[in-house]
Amino acid sequence: MSPATESATEFASGAVLLDAFGRRAEDLRISLTDKCSLRCTYCMPAEGLAWLPARAVLSDDEIVRLASVFLGLGVRTIRLTGGEPLVRAGVAGLVGRLAGLQPRPELSLTTNALALADRAEELARSGLDRVNVSLDTLDRERFHTLTRRDRLADVLAGLAAAQAAGLTPVKVNAVLMRDENLAEAPELLAWALRAGYQLRFIEHMPLDADHRWTLADMVTADEVLELLGRSFRLRPVGHRGHAPAEEFEVLDGPGRADWAPVLDGGHHRVGIIASVTRPFCRDCDRLRLTADGQLRTCLFGHQETDLRGALRGGADDAELAELIRQAVRAKPAGHGINAPGFRQPERPMSAIGG
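Residues numbered from 1 in each chain as written. Predicted model: local features only at pLDDT ≥ 70, side-chain atom pairs only at ≥ 80, totals over all residues. Heavy atoms only, no water.

A. How the structure looks around the overall build of the protein. Tallying secondary structure elements over the protein gives eleven helices and twelve strands in all. Taking all 354 residues of the protein together, the buried fraction comes to 52%. Relative to all contacts within the protein whose residues are 6 or more apart in sequence, the contacts with residues 24 or more apart total 72%. (Helix = DSSP H or I, 4+ residues; strand = E, 2+ residues; numbered from the N terminus. Buried < 20%, exposed > 50% of the residue type's maximum accessible area, 1.4 Å probe, protein only. Contact = heavy atoms within 4.5 Å.)

B. Summary view of the pairing of strand β4 (residues 130–134). The buried fraction of β4 amounts to four of the five residues, a majority that puts the element mostly inside the structure. Strand direction decides the pairing type here: strand β3 (residues 106–111) and β4, joined by four bridges, are parallel. Bridge pairing in β4 links serine 108 to arginine 130. Note: β4 against strand β5 (residues 171–175), three bridges, orientation parallel. When the bridges of β5 are listed, valine 133 appears paired with valine 172. (Pairing = 2+ DSSP bridges.)

C. Looking closely at helix α8 (residues 221–229). Residues of α8 that are buried: Ala221, Val224, Leu225, Leu227 and Leu228. Summarising the axial view, the buried residues of α8 lie within an arc of 160 degrees, below the 170-degree limit, and thus occupy one face. Where the residues of α8 are buried, they touch α7 (185–195), β6 (198–202), β7 (233–236), β8 (246–252) and β9 (269–273). (Arc of directions from axis to C-beta.)

D. Spatial organisation of the sheet that holds strand β10 (residues 286–289). A sheet is described by the order of its strands in space; here twelve strands give the open sequence β7-β8-β9-β6-β5-β4-β3-β2-β1-β10-β11-β12, paired in mixed fashion. Strands with a single pairing partner mark the edges of an open sheet, and in this sheet they are β7 and β12 (305–306). Where strand β1 (residues 27–31) and β10 come together, four bridges link them in parallel fashion. Note that in β10 the partner of aspartate 27 across the bridge is arginine 286.

E. Structural view of the pattern of salt bridges. All chains considered together, the criterion is met by 24 salt bridges. Here arginine 88 ties to aspartate 60 by a salt bridge, and the two come within 2.6 Å at their closest N and O atoms. Taken together, the positions of arginine 88 in the loop between β2 (77–81) and α3 (91–99) and aspartate 60 in helix α2 (residues 60–72) put the pair 28 residues apart, joining distant regions of the chain. On the basis of relative accessibility, which here comes to 13%, the residue arginine 88 falls in the buried class. A salt bridge links arginine 140 to aspartate 150; its shortest N-O distance comes to 2.6 Å. On the criterion of sequence distance, the pair formed by arginine 140 in helix α5 (residues 140–147) and aspartate 150 in the loop between α5 and α6 (152–164) is long-range, its members being ten residues apart. Since its relative accessible area comes to 55%, arginine 140 is described here as exposed. The structure contains a network of salt bridges with shared partners spanning Arg24, Glu26 and Arg76. (Salt bridge = Lys/Arg side-chain N within 4 Å of Asp/Glu carboxyl O.)

F. Highlighting the side chain of threonine 33. In this structure, threonine 33 sits in the loop between β1 and α2. Non-local contacts of threonine 33, meaning those with residues more than four positions away in its chain, are made with Thr81, Gly82, Gly83, Glu84, Pro85, Val87, Ala291 and Ser350.

G. Geometry of unusual backbone geometry. The residue after glycine 82, namely glycine 83, is reached through a cis peptide bond having omega 20 degrees. Mapped onto the fold, glycine 83 is located in the loop between β2 and α3. The omega torsion of the bond from glutamine 102 to proline 103 falls at -5 degrees, within 30 degrees of zero and hence cis. Its location among the elements puts proline 103 in the loop between α3 and β3.

H. Fine view of α6. With 13 residues, α6 extends 19 Å between its outermost C-alpha atoms, agreeing within 8% with the 18 Å of an ideal straight helix rising 1.5 Å per residue. Where α6 is concerned, the buried positions are Leu152, Val155, Gly158, Leu159, Ala161 and Ala162. Here the buried face of α6 lies against α4 (120–126), β4, α5, β5 and α7. (Expected span 1.5 Å × (residues − 1).)

I. Summary view of the environment of arginine 286. Its place among the elements puts arginine 286 in strand β10. C-alpha of arginine 286 to C-alpha of threonine 297: the two residues are eleven residues apart in sequence and 7.0 Å apart in space. Excluding anything up to four places from it in sequence, arginine 286 contacts Asp27, Arg29, His242, Pro244, Phe280, Thr297 and Lys331. In this structure the side chain of arginine 286 is engaged in a polar contact, spanning 3.1 Å, whose partner is the side chain of aspartate 285. (Polar contact = N/O pair within 3.5 Å; in protein donor to acceptor, adjacent residues only side chain to side chain.)

J. Structural detail: the packing of α2 against α3. Look at α2 against α3: their axes get within 10 Å of each other, and the N-to-C directions meet at 25 degrees. When the interaxial angle is binned, α2 and α3 end up roughly parallel. Of the two elements, α2 crosses α3, and the hand of that crossing is right-handed. Two secondary-structure elements touch here, α2 through Asp60, Asp61, Ile63, Val64 and Ala67 and α3 through Leu94, Arg97 and Leu98. The residue makeup of the contact of α2 with α3, split by class, is five nonpolar, no polar and three charged. (Axes fitted to C-alpha atoms, helices over the stretch in contact; angles between N-to-C directions. Parallel < 35°, antiparallel > 145°, perpendicular 65-115°, else oblique. Left-handed = near helix turned anticlockwise from the far one by under 90°. Nonpolar A, V, L, I, M, F, W, Y, C, P; charged D, E, K, R; others polar.)

K. Broad picture of the pairing of β5. A large share of β5 lies buried, amounting to five of its five residues. In β5, alternate side chains face the same way, and those of Lys171, Asn173 and Val175 on one face and Val172 and Ala174 on the other are all buried. The pairing of β5 with β6 spans five bridges and is classified as parallel. When the bridges of β6 are listed, valine 175 appears paired with isoleucine 202. At this point the chain moves from β5, through α7, to the parallel β6, and the crossover so formed is right-handed. (Right-handed = clockwise from strand over helix to strand, strands pointing away.)

Rendered as structure tokens:
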């Protein structure tokens, strides 16, 4: 069967999720919890937030069932997020159940890595393919200031354990803030190149709990590239497809001889995720399922579809699938951050799931 015929067959059978703008949703982010073991200053207050009651959070059985419905609709990749997903009990078991679904999804997990050193091998054995680790600084005191926890050593140990367990490529996500860690960007890149991690700088998005985000204070992708360009020679890679990161090949820079070798003919790269100043909405293929079972088609949107209510109300898989199709068809053209009248979502990132 040709690719075109296969695609037409999938569409006719309802095994694709197309929105009104022709975008095909194939990437599902599932939040396992809204709780987190860090208190990053740009994300939530020191005392934390009003966490979801346990009864509101989807059970493992509910997550697996919904994931199966999404896979039947053409979703191909699943990322487990939070909050911090590893604060939820039994994550490895859930990974194993998701890995056993057909068609088997590509499985990844976004984590702050505090608990990763002790769990990386188990997660890999259970079927996890790779991890994304959030890390904004290599300075212990600055890490303590930014996260309100003195746990940098645990994060570094978690990264090393993930790489040793084969959860590769290990991706590191860093948010730069003007008066905090901006000058550290070249050091972060040099470190990632030596260690063999894939570093991506992420623009600070309007998803903080106290709604203090402003465009004027945000470090832009252009600023990051200008700063990196003082030390490194970069070359744009080209079209990124549905990937959120715009990638640049690192051709030369300080400590070049110490950079970790890249296997399989790859290249040393750094990514920039510029959701605000270089939006990639027209290529977005992502959906998000919150820990309490709400389907969001846009990270910055306000509309949610209550799949938990339908699930617990007795809906069968066909009815759940139709709810999902309807939500995807209503997906907006873009997030509108730069449009007049933009309102930041009420839920912060920890409650939505990245």
